[in-house]
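Observations on the three-dimensional arrangement
The lines below spell out each chain.
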Amino acid sequence: MGKIIKGAFLGIVNVVFIWIALYLLGAEAYLVFVLLLLGALLTNVIFLLPRAYPYRYLLPAAFFMVLLVVYPIVYTVYISITNYGTGNILNKEQVVAQFESKYTLEPNSDSFAFQTYRDPQGDLWFLFTDSLGGQLVGHDGELTHLREDDPLLRQLAGYTELSRVDLVRATNELSSQSFAYDDTHELRMRNINAFNLYLQQYSYDRERDVLLEVQTGIVYTPEDGYFRAPDGTHLTPGFRAVVGFGNFRRLFGNPQITGPFVSVFIWTIQWALLSVGTTFVVGLFLAILLNDPYLRLRKVYRSLLILPYAIPAFISALIWRGLFNTDLGIINQILQATIGSSVPWLQDPFWAKVALIILNLWLGFPYMMIICLGALQSISAEMYEAAVVDGATAWQQFRHITLPLLMVSVAPLLISSFSFNFNNFSVIYLLTRGRPPIVGAQTPAGHTDILISYTYRLAFESGRGIDYGLASAVTLVIFLITGAITFFNFRFTGALEDVNKNV
Amino acid sequence: MKRVTTMLVVLVLALSISLPVMASVPGELLIWSDGERAPILNEVAKQFVIEYGVTVRIQELPFGDIRDNLAIVAPTGEGPDLIVGAHDWLGQLVTDGLIDPIDVDDESLFLESGLEAFTWGGQRYGIPYAIEAIGLIYNKDLAGEDGFQSFEEMIELGTKLRDEGKYALVMPQPDPYHTFPFFSILGGYVFGMDADGVLDPLDVGLANDGAVEGFELFEYLMDERIMARATPYDTMMSLFQNGNAAGMITGPWAFNDVRSAGIDYGFQQIPSYKGQYGRPFLGAQGFMMSAFSENKMLANLFLNEFVATKDTMLAIYEGDPRPTAFLPAADIINEDPDMRGVMESAAEGIPMPAIPAMNAVWTAWSDALELVINQQSAPRPAIENAVQLIIQTIEDSGY
């Protein structure tokens, strides 16, 4: 029985593997394909070889880590040294194929009506008629001028003529046909009613890797993702190409990009610290209140206080954006009525940051409250009894018993919360979109942009359009920073070790 | 041994299941459409099957996602043959090499400006079904039956409305698209034309004297509380729906919301200032063809024979009323006063530049607007700085 289940399981896994693999092949994602194949092979080996059996618990984790963590990192590194972005989306083969298939309609040339026949072998024959009544027969890329009573006509009459419906169904076959009309012109299908004379625009020389403009003889050489002419102009579209450290040079070499980067970085740190700090303080305070056994209706309060956590952040953030509106928001209306002045919440760099902290406090304190509540339960009441006997004040109890014991279990969560807020894109994006803008920045950057929202705007809203290359470079920098922060955090707070000791 | 047999069976099974998924489908059309157009295209698709026995599949996507998804999916060969889209995508899609020109059989069927909007380097890249331009929706109870002739008139009314806590004007802010009439009113422009009538990306006219004067009018209206400050689209709409604003700069997409609020409204072109009219951007929507389509001839045929027809165009209009770019349907559609208003506004319109350099313009321009809206900068330095950045960005990216 066990064997059947195992076999069936492996079968299903293999089906999934093969299905994905074929899809990847179709999408020409060869690197992922190879990785997947290796994964599949390993899976089968481990399940079929008794000696490798213990590894089966490790395998899925390792596999998904490679696929979902390692591969994206490697890919990001790769993108960061390319020019991938608007104007350079396609790969070189695709771009060359596009140029090779560009034809210009010969202006003022005659249009040829056509009839199409299929011979018993299934091959196509065309009878072209120009506007003066001259006729040509086209077959297999070659044209024959017809004289009167040409035997070819009789031959054609013996074949099946395609009706209009047949023609429509065969458009792909028809449009792939071309006939050399003279040295430069090709007769190609223009639409369902006519063939016309076309000139090929470019030809690609595979040996020399250059693109030749057929009519002018200009030679375009590939350079930095574009086919460039000797005079410096280039053809569009460009293609994806490795540009080395160009993106990093842009990031660190240009003060108009570096400037916002540094200020964005500083605010990101402030933001992450303040987010964790404020939510933790408020959450802990409420948790201690709710933990008081003499408090009536504790459960009601607890449920009510968890509500902000239960409402989707997207909805809350948008509501808060309305509340913070300078002229019409309720917060300013109240301020206006009570203290007689209002605050430019979303317009002033400082107040926009305050608004973000307030919103994040609203969204985040229930989480901190919940984890603190849990942690408080685990502190034994005997300690407090002993403290009371020794004459400790409430503050001393909190300072020397509650906080240290709480930190044991909460500290790792605070660190992960820091990392989370470091990349808390949605709150920033929903409330301020990173605004107000930083004056003079060459990249789209705002005073409340954190690194991740800055990256997003670089990638999708930059001056160039989409700029994946530069965005990947920034992503890598962010990755190094968060990686370092997290490492030192765990290392020097000893958070993980403490957990291990206590668990 | 048994195990191996099981695995082989499974393998064969898997292969037979997955192969059809992979196969691309020449001889069958796939159209990416937004939700408004999809049901109409589905009907047209049925006729196409009846007539030629060729399947047309419609895949529904949010309008705004179509362009970005095309850039991701089309190069892998999984993309559509045709897409529905806006003309201002053209610059990006053409420079990316994602769309191909379309052979329009009979150009006389279309509004010239609609076709022009889909033209790039002398080639037509789209068949337009609608054109649009922003204008002024006015509340007849506040602004009178005929709306506003001029901004001078609006300022006069605004000073009275101000005391009631109402505004003479609301508009989405910061939003360069909707603010452009202020720049164009006294002679500002985005890109100048060179002698050949080709847009010159290094001639940016957003900070010339006329543009700055118009921008100063924009600031003045906010400073005097004639226009509400820093209103995003939804706030703007609720001000107008609650009767707290006499005029709203917006486009045909706002009609339904205004109508549902029970406001007695009219639509007019942007009022004049110092005797000159503010000219909005002219936009167009249409069908474009993927450069990776394996059925280009078929797609052309579908557009020319089945989409560019009076019936289809009227159906598209009824599904989502916008002024049509298809002349045989124009007479019927222009009977609607709203549509006539938009057409009149569009007649004054300037086609929104669709060159890729436009990407560099939007962000910097929007930031300049925001600085002025937030009272952190005067109009002239804000827009002059923005133009400098725009030109720098354009030069850097080597357009």
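Residues numbered from 1 in each chain as written. Chains lettered and ligands numbered in written order. Predicted model: local features only at pLDDT ≥ 70, side-chain atom pairs only at ≥ 80, totals over all residues.

**Considering the overall build of chain B**
Along the backbone of chain B there are 17 helices and 17 strands. In terms of overall dimensions, chain B has C-alpha extents of about 90 × 50 × 50 Å along its principal axes. Here chain B, with 399 residues, has 53% of them falling under the buried criterion. Look at the contacts in chain B between residues 6 or more apart in sequence, and 74% of them connect residues 24 or more apart. (Helix = DSSP H or I, 4+ residues; strand = E, 2+ residues; numbered from the N terminus. Buried ≥ 20, exposed ≤ 12 C-beta atoms within 10 Å, placed from the backbone. Contact = placed C-beta atoms within 7 Å.)

**Examining the domain arrangement of chain B**
Many descriptions give the size of an interface as the accessible area lost when the pieces come together. Residues and elements named next belong to chain B. Along its sequence, chain B is carved into domain 1 (25-132 + 283-351) and domain 2 (135-279 + 357-396). Spacing between the C-alpha centres of domain 1 and domain 2 amounts to 29 Å. Facing the 12 residues of domain 1 at the interface are 11 residues of domain 2. With 5 residues, the single largest contributor to the side of domain 1 that touches domain 2 is helix 15 (residues 337-347). Partitioning the side of domain 1 that touches domain 2 into residue classes produces 3 nonpolar, 4 polar and 5 charged. (Domains from an automatic or database assignment. Nonpolar A, V, L, I, M, F, W, Y, C, P; charged D, E, K, R; others polar.)

**Remarks on the pairing of strand 16 (residues 281-290) of chain B**
Residue and element names in this part refer to chain B. For strand 16, a buried count of 10 out of 10 residues is recorded, marking the element as mostly surrounded by other parts of the structure. As paired strands, strand 3 (residues 82-86) and strand 16 are joined by 5 bridges and run antiparallel to one another. Paired with V84 across the strands is F287, a residue of strand 16. As judged from the 2 bridges shared by strand 4 (residues 99-100) and strand 16, these two strands associate in the antiparallel manner. Bridging across to strand 16, D100 finds its partner in M289. Sheet topology places strand 7 (residues 127-133) next to strand 16; 6 bridges connect them, and they run antiparallel. By the bridge assignment for strand 16, A133 is matched with L282. (Pairing = 2+ DSSP bridges.)

**Let's talk about the interface of chain B and chain A**
The interface is formed by 51 residues belonging to chain B together with 48 residues belonging to chain A. Going through the elements one at a time, helix 1 (2-22), helix 4 (90-95), helix 12 (296-307), helix 16 (358-373) and helix 17 (379-396) of chain B are the ones with two or more residues in the side of chain B that touches chain A. Tallied by class, residues from the side of chain B that touches chain A come to 24 nonpolar, 18 polar and 9 charged.

**Focus: the confidence of the model for chain B**
All names here are of chain B. Across chain B, pLDDT averages 87, with 93% of residues at or above 70. Mean pLDDT per element in chain B: helix 1 is the minimum at 48, and helix 9 (residues 209-223) is the maximum at 96. Within the model, the stretch residues 15-24 combines pLDDT values under 50 with 11 contacts to residues more than four positions away or in other chains. (pLDDT = per-residue confidence, 0-100.)

**A closer look at the environment of Q115 of chain A**
Residues and elements named next belong to chain A. Tracing the backbone shows Q115 in strand 2 (residues 111-118). Looking at Q115, the number of C-beta atoms within 10 Å reads 14, which means it is partly exposed. Once the C-alpha coordinates of Q115 and T268 are considered, the two residues, 153 residues apart in sequence, prove to be 69 Å apart.

**Focus: the confidence of the model for chain A**
Model confidence for chain A is summarised by a mean pLDDT of 86, while 96% of its residues fall at 70 or above. In the predicted structure, residues 498-503 of chain A sits below a pLDDT of 50 and forms 3 contacts with residues beyond four places in sequence or in another chain.

**Here we look at the sheet that holds strand 13 (residues 226-228) of chain A**
Residue and element names in this part refer to chain A. Strand order across the open sheet formed by 4 strands is 10-11-12-13, with antiparallel pairing between neighbours. The two strands at the open ends of the sheet, each matched to only one other strand, are strand 10 (202-205) and strand 13. On average, each strand axis in the sheet is tilted by 30° relative to the strand beside it, whichever way the strands run. Of the strand pairs in this sheet, strand 10 and strand 11 (residues 210-213) are connected by 4 bridges, and their pairing is antiparallel. Looking at the pairing, S203 lines up with L212 of strand 11. Across the sheet, helix 4 (residues 92-100) touches strand 10, strand 11 and strand 12 (219-223), and the angle it forms with strand 10 is around 140°. (Axes fitted to C-alpha atoms, helices over the stretch in contact; angles between N-to-C directions.)

**A look at helix 2 (residues 38-52) of chain B**
In a regular helix each residue adds 1.5 Å, so 15 residues correspond to 21 Å; helix 2 of chain B covers 20 Å between its end C-alpha atoms and thus fits that length. Within helix 2 of chain B the residues assigned to the buried category are I40, L41, V44, F48 and Y52 of chain B. On an axial view of helix 2 of chain B, the arc spanned by its buried residues comes to 90°, and they lie on one face. Helix 2 of chain B presents K46, V49 and I50 of chain B as exposed residues on the side facing more than 90 degrees away from its buried surface. Contacts from the buried residues of helix 2 of chain B go to helix 6 (164-169) of chain A together with strand 1 (29-33), strand 2 (56-60), helix 12 and helix 13 (310-319) of chain B. (Expected span 1.5 Å × (residues − 1). Arc of directions from axis to C-beta.)

**A word on the domain arrangement of chain A**
All names here are of chain A. Annotation of chain A at the domain level lists domain 1 (2-93), domain 2 (103-200) and domain 3 (256-502). For domain 1 and domain 3, the distance between their C-alpha centroids amounts to 36 Å. Counting residues at the interface gives 9 residues for domain 1 and 10 residues for domain 3. Grouping the constituent residues of the side of domain 1 that touches domain 3 by class yields 3 nonpolar, 6 polar and no charged.

**Some thoughts on the nonpolar core**
Core analysis: the biggest nonpolar cluster contains 160 residues, and L169, V170 and I383 of chain B have the highest contact counts within it. With 10 residues, the top contributor of residues to this core is helix 16 of chain B. Setting aside chain neighbours within four positions, we find L169 of chain B in contact with M154, G158, L221, I226, M227, A245 and G247 of chain B. In terms of nonpolar packing, the next biggest core, distinct from the first, is built from 47 residues, F261, F365, L406 and F422 of chain A among them. (Core = buried A, V, L, I, M, F, W, Y, C linked by C-beta atoms within 7 Å.)

**Considering the sheet that holds strand 9 (residues 167-170) of chain B**
Residues and elements named next belong to chain B. Pairing is mixed in the open sheet, where 4 strands are placed in the order 9-12-8-13. Looking at the sheet topology across the chains shown, the edges are occupied by strand 9 and strand 13 (265-268). On average, each strand axis in the sheet is inclined to that of its neighbour by 20°, with strand direction left out of account.

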